[in-house]
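The chain contents come next:
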There are 2 protein chains.
Amino acid sequence: VVTEAVVEAKARPEPRVKPSPTGRRTVKLGLLGCGTVGRGLLELIDRNRALIEERAGVRFEVTKILVRDLKKERPGVDRSLLTDRAEEVVANGCDIVVELLGGIEPARTFVARAIADGKSVVTANKALLASAGAELFRAAAKTGVRIGFEASVCAGIPIIRTLESGLVGNRVDTLCGILNGTSNFILTRMTELGESFESALQEAQKRGFAEADPSLDVDGHDAAQKLAILSELAFGVPIDAAAVKVEGIRNLEPEDFKAAKELGYVLKPIAFAQDTGDALDLRVHPAFLPVDHTLAHVRFEDNAVLVKGDAAGELIFRGKGAGSLPTASAVLSDIVDIARNGSAPFRFADAPAKPAAPDGHARFYIRFPVIDVPGVIGRIATALGSRGISISHASATLVPGKPGHGNVKILAHDCRASVLADTIDAVSRLPVLAGRPVAIRILEAN
Amino acid sequence: VVTEAVVEAKARPEPRVKPSPTGRRTVKLGLLGCGTVGRGLLELIDRNRALIEERAGVRFEVTKILVRDLKKERPGVDRSLLTDRAEEVVANGCDIVVELLGGIEPARTFVARAIADGKSVVTANKALLASAGAELFRAAAKTGVRIGFEASVCAGIPIIRTLESGLVGNRVDTLCGILNGTSNFILTRMTELGESFESALQEAQKRGFAEADPSLDVDGHDAAQKLAILSELAFGVPIDAAAVKVEGIRNLEPEDFKAAKELGYVLKPIAFAQDTGDALDLRVHPAFLPVDHTLAHVRFEDNAVLVKGDAAGELIFRGKGAGSLPTASAVLSDIVDIARNGSAPFRFADAPAKPAAPDGHARFYIRFPVIDVPGVIGRIATALGSRGISISHASATLVPGKPGHGNVKILAHDCRASVLADTIDAVSRLPVLAGRPVAIRILEAN
């Protein structure tokens, strides 16, 4: 997604933001969008203006704000700044364009125009980066401006600058995180309150953590986009979010949470990336984590990222992964950084993309929905065993209120994921099966 | 410690590190010291040279290395770079001076000379910052160079740049962490293996986590120095490490760990800083943490910092707080940052220092070593009650192998720390007391 075609670093162009006669720099901001994050940013700039000026010597002036509907009530927002014409924002003598529209168009067109006009851009828009990142970063490198995107991943957690700057001297080979707050909120409710997926999702929607159409979140695509951005920074190669193997959380049932607990695990929505040298293992899926795994303690809507550097060792960053003010905090950090340090962008070699790693192996928990419970463990265990999947634990339970229906739950010894998938396909065709089996990978201690 | 007297940000001087004709910048490094961290840095530069060049467009050249003893064996270090004269390092056309000597003198003199010579400095030396930070930062601001000190606190955890840059738009009012790995290692052994303080300390020394003289670590001064540096960045006011109230961990006994466990807590070495508006509450002490507190899971030599920002919310950073390569990783991140972004330092207003906050209140666990155990709970409880300390839980245990000796353990309801201290002083004078009571603050959920 986030590719820069620049191999040779150019001498940095003169900073666009010039120091004022008093020594303070005044930075003119043009805002595209005035939704939740936009209003959060205005509130934050207003509230902490003096603090930021003291700390960084930067003074902000918002020149124009693009909105769709000029007539809508926006308490606390200066009406005279509003416009419904993007040109008025981009071409209005601002220094930095802040894109908070979300979605791909018209954000892409406006951002490209700003870059062509020699303006640095700050964006919270991971969908834009996922679909048009490569072309936008190439254009930015050409004009010598910068695209700040701290807010596009994990909102308030400064993970982008950590990978860019804090770990700049480290070879990172593994990155593992909880990158989708909605999924983590749902799985935490299912773990701690025994709720069903549907009921936990409704609660997330009620609290504003989940969209009306939750598929981006609960099917893993949101986490995949974030993982692609982080992995590209960590591993220094171009990564397409479509290369991330994705499994959602819709099929999880209270049974699976009970089983996790009984076996000493916690079910968490995991995003995992590993550079194996000549290939990349990139995946998003629910996983069983040992209760003493660092990510097992990350609850509700919190996000966390675990990074392994060859020098710094294992680092864990945790915080709010979404929300108006946490996202605005990240946007503001990019704005200040561009104002202070000019447009020196983070650069990758124009490295070739790496292929997907062959399927790894792991231990798995598998639940088979079955009819005719008595005797069925034997049939499933035999089918698994004949294909080389060996079992460390098996149990069967009845589904309450559904006479004759049950679940066979299996803990498989270490096996290759692709072999297990084929085996499950075969077992699914047994006449005793009442639905799709659910297989959940078990992560070992971190 | 880390004060900058600069109120008005000056226009940034031209970066000293000029782009080379090929576009790469070559950065010449002069090293003061070639101990554990110095050799780690050389190893890391050597190992990840190509990676850093790709990422940041920066190429390193080590010009000279100051050592005390030229004849000592240093496997892997180019002998021709060694010198025992500091001038050869500082005045040898290097761009950045990396100070890894430790201790105050001669580090202070050499760093001051480098700054006067217009060179930025990177240091891992928190004792130097604690004792001479103010003068060095003032000098650096005057010559327009920078002092990088990411490595001085929590080694591999990029907490300095997080406070400087990631949270630049946030008002931070609370900072709580485990900043001393040695103390955390010792308390973890005492918690999980039931060891005595002495035996856990010996193990820490055997593994190289503790110095022969461990007092800086176990008496809390090391954590206090780190807390002062972090708090100064977080709160934007000058802070003297001597203003941090310090309690060490030497008096803790296996009894206290048993009590913690029984009551649902974990004993951890905590550093806590809070800006209450017109005062600062700064303290380092062992504390009882609820088992589900984020910092309760930080084990052995790991460090962690919890920061509360008014926009980003609660953030937690965790990782290795010491060691050759983690520290070298932080040193390298500062070197790259100075090479890429020049010498724009983080600036504070010349804010007046804040006074110490009046003693707060909390719940406490108190252990009274006693003789004549029978009946003694009543005498102690009465003494506490008569001074307004109310008790939620009391128990008495015998000390094995010491007939007639025991411990009375009290859980006090919320009370003012100063009132409790006075009360404990009074109770200490009761004839049944066999030693100094130990009072441990209870932190509530984070």
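To start, this report covers the structure provided alongside it. (Residues numbered from 1 in each chain as written. Chains lettered and ligands numbered in written order. Predicted model: local features only at pLDDT ≥ 70, side-chain atom pairs only at ≥ 80, totals over all residues. Heavy atoms only, no water.)

**Things to note about the overall build of chain A**
What chain A contains, in helices and strands, is 14 helices and 16 strands. For 446 residues, the compact-globule estimate of 2.2 N^0.38 gives 22 Å, and chain A sits close to it at 24 Å. Seen through its principal axes, chain A has C-alpha atoms that stretch 85 × 50 × 35 Å. Here chain A holds 446 residues, and the buried ones make up 60% of them. In chain A, once contacts between residues fewer than 6 apart in sequence are set aside, the share between residues at least 24 apart is 73%. Element-wise, carbon and sulfur atoms account for 52% of the exposed surface of chain A, whose accessible area totals about 16,900 Å². (Helix = DSSP H or I, 4+ residues; strand = E, 2+ residues; numbered from the N terminus. Rg over C-alpha atoms; globule rule 2.2 N^0.38 Å. Buried < 20%, exposed > 50% of the residue type's maximum accessible area, 1.4 Å probe, protein only. Contact = heavy atoms within 4.5 Å. Areas by Shrake-Rupley, 256 points an atom, 1.4 Å probe, with all protein chains shown as cover.)

**Examining the state of the cysteines**
All names here are of chain A. Tallied over the entire structure, the rule returns 0 disulfides over all chains. Free cysteine Cys94: the closest other cysteine sulfur is in Cys34, separated by 15 Å. Here Cys176 stays free of any disulfide, with the sulfur of Cys154 as its closest cysteine sulfur at 12 Å. Here Cys176 falls in the buried class, since its relative accessible area comes to 6%. (Disulfide = S-S within 2.5 Å.)

**Focus: the side chain of Asn48(A)**
With respect to the secondary-structure elements, Asn48(A) resides in the loop between α1 (36-47) and α2 (49-56). Relative accessible area serves as the criterion here: at 1%, Asn48(A) is assigned to the buried category. Other than its neighbours up to four places away in sequence, Asn48(A) contacts Gly169(B), Asn170(B), Arg171(B) and Asp310(B).

**A look at the pairing of strand β9 (residues 265-275) of chain A**
Residue and element names in this part refer to chain A. Within β9, 10 of the 11 residues are buried, which leaves the element mostly enclosed by the surrounding structure. As judged from the 4 bridges shared by strand β7 (residues 172-178) and β9, these two strands associate in the antiparallel manner. Bridge pairing links Thr174 to Gln274 in β9. Of the strand pairs in this sheet, β9 and strand β10 (residues 280-290) are connected by 11 bridges, and their pairing is antiparallel. Pairing of Asp275 across the sheet is with Leu280, part of β10. Linking two consecutive strands that pair antiparallel, namely β9 and β10, is a turn of 4 residues; a positive phi of about 115° is found at Gly277 within it. (Pairing = 2+ DSSP bridges.)

**A look at the packing of aromatic side chains**
With the rule as written, the count across this model stands at 11 aromatic pairs over all chains. Judged by centre distance (4.7 Å) and plane angle (25°), the rings of Phe288(B) and Tyr365(B) are stacked. With a gap of 77 residues between them, Phe288(B) in strand β10 (residues 280-290) and Tyr365(B) in strand β13 (residues 361-371) connect regions that are remote in the sequence. For Phe288(B), a relative accessible area of 0% translates into the label buried. Exposure remark for Tyr365(B): the relative accessible area of 1% places this residue in the buried category. Three or more aromatic residues link up through ring pairs in this structure, and these residues are Phe185(A), Phe209(A) and Phe300(A). (Phe/Tyr/Trp six-rings, centres within 6.5 Å; stacked < 30°, edge-to-face > 60°.)

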